[in-house]
Amino acid sequence: MRASLHSAVAGLGLAIAIASGATAAEVAPADVKFTEDNTVEASLTGTPGDPAKGREVFADRRLGNCLACHANTDMKDQLFHGDVGPSLDGVASRWNEVQLRAILVDSKKVFTDATVMPGFYTLNVGINVREESVGKTIISAQDVEDVVAYLATLKE
Amino acid sequence: MNKYLKIAAAAVACATVLGVGGLMADPINETLTIDGQEMVSRTKAPEGHPFDEVYSGWLFRTEETRALQTDTFNNPAMLGVEVGEAIWNTVDGKEGKSCASCHGDAAESMKGIGASYPKWDKDANRPINIELQINKCRENNMGAEPYPFDKGGQKELTAYIKHQSLGTPVKIDLSQGELQSWWDKGKELYYTRNGQLNLACSNCHEDLMGKMIRADHLSQGQINGFPTYRLKSGGLVSVHNRFRGCIRDVRASFPKAFSDELMALEVYVTWRGTGLSVETPGVRQ
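Residues numbered from 1 in each chain as written. Chains lettered and ligands numbered in written order. Predicted model: local features only at pLDDT ≥ 70, side-chain atom pairs only at ≥ 80, totals over all residues. Heavy atoms only, no water.

Describing the side chain of B:S238
(1) Moving on: On the secondary structure map, B:S238 appears in the loop between β10 (235-237) and α10 (239-249).
(2) Moving on: Excluding its chain neighbours within four sequence positions, the residues that come into contact with B:S238 are B:E131, B:F149, B:D150, B:K155, B:F226 and B:P227. (Helix = DSSP H or I, 4+ residues; strand = E, 2+ residues; numbered from the N terminus. Contact = heavy atoms within 4.5 Å.)

Next comes the structure, spelled out in structure tokens:
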């Protein structure tokens, strides 16, 4: 219910962006600017995030696969939530959007190198990356914006 | 929408063999008994080990999965072990010999053997595991072709040989040849982050041991039950296949079976399970 409302609103935003011809260039992984406070202030794409799409990316095992590590009551219809990381219930009350964007882009910048959370929009990854993933990020710049928009709906 | 449905359906299908996320935490406090024989499924770790206690993967599985291992009659992997027994007694190769021609009754000649591999192989100047020892016998003593990885009965025969050590605590002798330097190399690999997901073996099986990663309860990643039976795929899984599976899951390119990398890992991971009973064939989700 909540998700579909958001999707309608975001869809509207998208339509306006396309209509006005605003196709801001995507920021490449290496060019993402982190502030001293470990935030990423600017959108990676210029296109507002779509929370409904973000919700799908969050759950999709081939994309975010966030449920592998995080419980999320908003997705209680899905079996098996991991407990590797904290529950993301109310996460938007703990972090604001520019912080969430930073966590998603490269969690190691925010949580230190010791974290097990993958960086989802960085090329600063492990050795021996499989051939089809070399030079690629786990999710796209727009996926990041969509997931950030979705996380922003998870308020206490 | 469709996608969610499929995932949900798959999850429900697995629900009978898997636990529900978040409900399990630590390994259970139970002792594995197989056909009345007590296994060492938790024990004090050897000196220099990152854990105080080492745990068998059995302690992390659901009640239903655990039950399948307590009685060899119910253990679905025993069919494979029986196939291995038949291979043991079957003549193959130019020399007209079977394993039994040289080794007789495996229940006697192979008792305890599986608990002490990998061993240093002077001829190859590298460590070998049971699979490679089988291939060595086939080539040198039977005049037969070596088995390709995971094929031709390699998993079944390996399971049969290791099953003769059921209950024997794992102990490898690192003073043989250059085994210690392979242990060193294996250790380095174990702690190196790999792939697009940027994770090391140690992240999942040491730092996160006991946590749920989606539907999987993370164990110490021990290999005392290998080859194990995988309920999901309905067949035996070799150690090197399991290693490659974990490496693939972090989106890294995985080394060839029996490569230097995987043999070094096997030496090191075997050591990490020192003192645990051989449980071959273990049963897993």
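Focus: the domain arrangement of chain B
Residue and element names in this part refer to chain B.
(1) Moving on: By the assigned domains, chain B splits into domain 1 (3-71 + 168-284) and domain 2 (78-163).
(2) Moving on: For domain 1 and domain 2, the distance between their C-alpha centroids amounts to 23 Å.
(3) Moving on: For the pair domain 1 and domain 2, the two sides together bury roughly 2300 Å², of which 65% comes from carbon and sulfur.
(4) Moving on: Considering only the side of domain 1, the residues that lose the most area to domain 2 are L236, F258 and M263, jointly responsible for 26% of the buried surface there.
(5) Moving on: Inspection of the domain 1/domain 2 interface yields one salt bridge.
(6) Moving on: The salt bridge involving D260 is made with R126; its shortest N-O contact spans 3.1 Å. (Domains from an automatic or database assignment. Buried area = accessible area lost by both parts, 1.4 Å probe. Salt bridge = Lys/Arg side-chain N within 4 Å of Asp/Glu carboxyl O.)

Remarks on the nonpolar core
(1) Moving on: Ranked by size, the top nonpolar core spans 82 residues in total, and within it A:L44, A:F58, A:V144, A:L151, B:W88 and B:L157 carry the most contacts.
(2) Moving on: Setting aside anything within four residues of it in sequence, one finds B:L157 in contact with B:G84, B:I87, B:W88, B:C99, B:I134 and B:Y147.
(3) Moving on: Ranked by size, the runner-up nonpolar core spans eight residues in total, among them B:L32, B:M39, B:Y55 and B:L59. (Core = buried A, V, L, I, M, F, W, Y, C linked by side-chain atoms within 4.5 Å. Buried < 20%, exposed > 50% of the residue type's maximum accessible area, 1.4 Å probe, protein only.)

What to know about the environment of B:T228
All names here are of chain B.
(1) Moving on: You can see T228 is positioned in strand β9 (residues 228-230).
(2) Moving on: Given the relative accessible area of 3%, T228 is considered buried.
(3) Moving on: Expressed as a C-alpha distance, the spacing of T228 and G210, which sit 18 residues apart in the sequence, is 20 Å.
(4) Moving on: Discounting residues that sit within four places of it in the chain, T228 has contacts with G235, L236, V237, G282 and R284.

Re the state of the cysteines
(1) Moving on: Applying the stated criterion to the full structure yields zero disulfides over all chains.
(2) Moving on: No disulfide involves A:C69; its nearest neighbouring cysteine sulfur is the one of B:C204, lying 7.9 Å away.
(3) Moving on: B:C137 provides the cysteine sulfur closest to B:C102, a residue in no disulfide bond, and the two sulfurs are 7.3 Å apart. (Disulfide = S-S within 2.5 Å.)

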